[in-house]
Amino acid sequence: MGDQARRPEEYLPLTSAVMDIMLALGDEELHGYGIMREVRRRTDGRRRLAPGTLYRSLRQMQEKGLVEESEERPDADLDDERRRYYRLTDLGRKVAVAEVERLEGLVRAARSKGLVPSARPSGAPAGA
Amino acid sequence: MDPRDWDQGNRRRRGTNLLLAASQRLYGALLTLYPESFRRRYAAEMRRDFRELSREGLEEGGGSELVRVWATTLSDLVVTALKERSTVSARNAHPPVGPRLAARAMVAVVLVALTVAVASLAMTPQYEASTKVLIGKQGSEGPALGMEIQQLQEVTLTLAQATRSRPIAEETIERLGLSTTPEVFLERLQAEPIENTQFIELSYTDPNPEKAQRVANTVGGVISRRVSEVGPGDSGMTATLWEPAPVPENAVSPNPLRNGLLTLVSGLLLFVGLALALPRVAASGVGRAVLRATSSVGWITRAVWRVPTTSLATEAAKEKELLEALDRHGALTVAGVALETSLTVDEADRMLSALAAKGHLEVSVARGRLLYSLWERDVPL
């Protein structure tokens, strides 16, 4: 469905919801609710994806060929056959990497301008 | 375990399940805000996920957490449903609400409005004669003053109701020798108290203006007589024909201009509403039939009146000019297209965005600039 001829950089920048979904699917296949839980776990509850944003983003990502539905089922004990599982495509993975590179470039640029977060006590969450 | 604790726990669980079920049903109903294609694909998953979110919320923070889940989900639902509908509208923009269809719909609406106006002219004109009856007390020449005003106004209300009654209709029909029934007569008779006064306004509608006048004045006379006869002896209530009805000069209906304008406005509102809210209608069987019908109307209209289609032709010519510029130069920005063609920057932006959204153009980013180009397969050999 996606246009494989496009270069990964042409999909950038990604929205934060799309990046959250890509990070959640980075190392495993998940269903919608699993993605929500993973985003919440990774951000210590600071970020929560609501169903509308999640499925609208998934719809767009599927159309662009960044994610696809998985035909294989995960571990039978954890599987819920009624649910659809999603995974990153090769293109999706490349786009995620390109986005991370773009963000790294931004962080480097910010450092060079002295725009870095002030030191905070170890263990404190970012942005706290 | 104490049986009372067990009962209490059971009741709480049942209450929670009922709350969750109601919550899920409401959420399921709200999902209709999304376009049908989106619902078909994701609604089941969204309902299931929302149930899990609600259950988790209730377990973690009770009712207040469920309210927070609802608040977040509801605002997200409204925003994403609007965005999704707008995406679907943009995708379907060409067939259902493109300029060609809009022009055809306008022509159809105008034709219907003209037909309604002409049909109105063929209807029998109706004339309305009005008279005023003053309710008062014996001994007073004009409207009452002081404490009795309120009482008289209450009586006025009652008499207004009594005027549109069968005995009044029968007596008037008999006096004038009319060939009608009391039911038909009462449909044509109106009696309304004038607010904060002791007046009743009587009006009668009829195709014959002289007859309308005679009936209105006769009803006034019948009311006066009846009040003097049946009113309580001590109260001395009177009903006086204060302002006899003149012969009406102008018909109250039909009003071809008003009918035509109302049809025109309603038709336009209906078209705009359908175009905004129901883009998928065009893709349905009924929608296609309507499109075919409007297409025929447009063709007939052009054939008969030579309706100019210059704006449509201009739009097509500009689109061709834009595509030729892209073919010559390979890839262009919005401003680049404006420089190479007769299009303004706004026109170029609008056309490029629309063509790209429909997948007719390739979009790329180079040195921070958005470039539009023809797909390789579309470039003429």
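Preceding this paragraph is the structure being described.
In this report, we go over the structure that sits alongside the text. (Residues numbered from 1 in each chain as written. Chains lettered and ligands numbered in written order. Predicted model: local features only at pLDDT ≥ 70, side-chain atom pairs only at ≥ 80, totals over all residues. Heavy atoms only, no water.)

## Brief notes about the sheet that holds strand E5 (residues 331-332) of chain B
Residues and elements named next belong to chain B. Counted only if it meets this: Two strands qualify as a pair provided DSSP detects at least 2 bridges between them. Here a strand is any run of E in DSSP of at least two residues, a helix any run of H or I of at least four, and the numbering for each starts at the N terminus. Here, two residues are considered to be in contact whenever any of their heavy atoms come within 4.5 Å of each other. To obtain an axis, a line is fitted to C-alpha atoms, over the contacting stretch when the element is a helix, and the angle between two such axes runs from 0 to 180 degrees between their N-to-C directions.
Spatial ordering of the open sheet is given by E5-E7-E6, a layout of three strands whose pairing is antiparallel. Each having just a single partner strand, E5 and strand E6 (361-366) make up the two edges of the open sheet. Summarising the sheet, E5 and strand E7 (residues 369-374) pair through two bridges and their orientation is antiparallel. Note on E7: the bridge partner recorded for Leu332 is Tyr372. Set on the sheet, helix H13 (residues 345-357) makes contact with E6 and E7; between it and E6 the angle comes to about 110°.

## Description of the packing of aromatic side chains
The cut-off we apply is this: Only rings of Phe, Tyr and Trp enter the pairing, Trp through its six-membered ring, and a pair is recorded when the two centres are within 6.5 Å. The plane angle decides the type: under 30 degrees is stacked, over 60 is edge-to-face, the rest tilted. Working definition: with a 1.4 Å probe on protein chains only, accessible area under 20% of the residue-type maximum means buried, over 50% means exposed, and in between means partly exposed.
Under the definition given, this model contains eight aromatic pairs over all chains. Between Phe38 of chain B and Tyr42 of chain B, the aromatic rings sit 5.1 Å apart at their centres with planes inclined by 50°, giving tilted as the arrangement. Taken together, the residues span about one helical turn, with Phe38 of chain B and Tyr42 of chain B both in helix H2 (residues 36-91) at a distance of four residues. Residue Phe38 of chain B is classed as buried on the basis of its relative accessible area of 3%. Given a relative accessible area of 2%, Tyr42 of chain B falls into the buried group. Here Phe199 of chain B and Trp242 of chain B contribute two aromatic rings whose centre-to-centre distance is 5.7 Å and whose plane-to-plane angle is 65°, an arrangement assigned as edge-to-face. In this pair, Phe199 of chain B is assigned in strand E3 (residues 199-206) and Trp242 of chain B in strand E4 (residues 237-243), connecting sequence segments 43 residues apart. By relative accessible area, Trp242 of chain B is classed as partly exposed at 41%. Within the aromatic cluster, the residues linked to one another by ring pairs are Tyr55 of chain A together with Tyr34, Phe38 and Tyr42 of chain B.

## Brief notes about the packing of helix H3 (residues 51-64) of chain A against H2 of chain B
Each pair of packed helices can be described by the angle between their axes along with the distance between the axes. This is how the line gets drawn: Angle categories are assigned with fixed cut-offs, so that under 35 degrees is roughly parallel, over 145 is roughly antiparallel, 65 to 115 is roughly perpendicular, and the rest are oblique. Residue polarity is assigned by list, with Asp, Glu, Lys and Arg as charged and Ala, Val, Leu, Ile, Met, Phe, Trp, Tyr, Cys and Pro as nonpolar; anything else, Gly included, falls into the polar class.
Remark: H3 of chain A packs on H2 of chain B, axes separated minimally by 9 Å, with the N-to-C direction vectors making an angle of 40°. Here H3 of chain A is positioned oblique relative to H2 of chain B, judged by the angle of their axes. Partitioned by chemical class, the residues of the contact of H3 of chain A with H2 of chain B number eight nonpolar, six polar and ten charged.

Everything listed is a geometric property; what it means functionally is a separate question.
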